[in-house]
Amino acid sequence: VVDIKSKRSSGKNHSRVYSPVYEYYYEGKTYQQWSDTYSNVGIPRVGDEKTIYINPNKPTDFYVKNFAEKIFIIIFGLIFMGVGLMAFISSLTSM
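Rules behind the numbers
Residues numbered from 1 in each chain as written. Predicted model: local features only at pLDDT ≥ 70, side-chain atom pairs only at ≥ 80, totals over all residues. Heavy atoms only, no water. Helix = DSSP H or I, 4+ residues; strand = E, 2+ residues; numbered from the N terminus. Buried < 20%, exposed > 50% of the residue type's maximum accessible area, 1.4 Å probe, protein only. Contact = heavy atoms within 4.5 Å. Areas by Shrake-Rupley, 256 points an atom, 1.4 Å probe, with all protein chains shown as cover. Lys, Arg positive; Asp, Glu negative; His and termini not counted. Charge placed at Lys NZ, Arg CZ, Asp CG, Glu CD.

Enquirer: How should the overall build of the chain be read in this particular structure?
Expert: The secondary structure content of the chain amounts to 1 helix and 5 strands. For the chain, the sequential pattern of α-helices and β-strands runs β-β-β-β-β-α. With respect to the three principal axes, the spread of C-alpha positions in the chain is 65 × 40 × 25 Å. Residues classed as buried in the chain amount to 13% of the 95 residues present. Sequence separation of 24 or more characterises 35% of the internal contacts of the chain that already satisfy a separation of 6 or more. A total of about 7700 Å² of accessible surface is found on the chain, and carbon and sulfur atoms cover 58% of it. Distance between charge centroids for the chain: 10 Å, based on 11 positive and 8 negative side chains.

Enquirer: Which parts of the structure should I look at to understand the side chain of Ser19?
Expert: By secondary structure assignment, the location of Ser19 is in strand β2 (residues 16-26). Aside from chain neighbours lying at most four places away, what touches Ser19 is Asp3, Ile4, Lys5, Trp34, Ser35, Thr37 and Tyr38.

Spelled out as structure tokens, the structure:
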């Protein structure tokens, strides 16, 4: 992360939202890119290193897994596990 872009959100309170600028090297060329998705949570600091997934056919397209995605996946998984566990317990008690 080499910089942080910021802007005012379009929401009701017009709070500040941020998008990190990533610098990466691919096939001998340096790129500086940022996402069009801005947020006010889970923003890395300048100097942080992140794993970036690059589209080899178009190196300016990249993907970075963020904190919110990880939380969503964990919560989604816990919900499914809970539903499965309840169904299992229900099937045991109905015997």
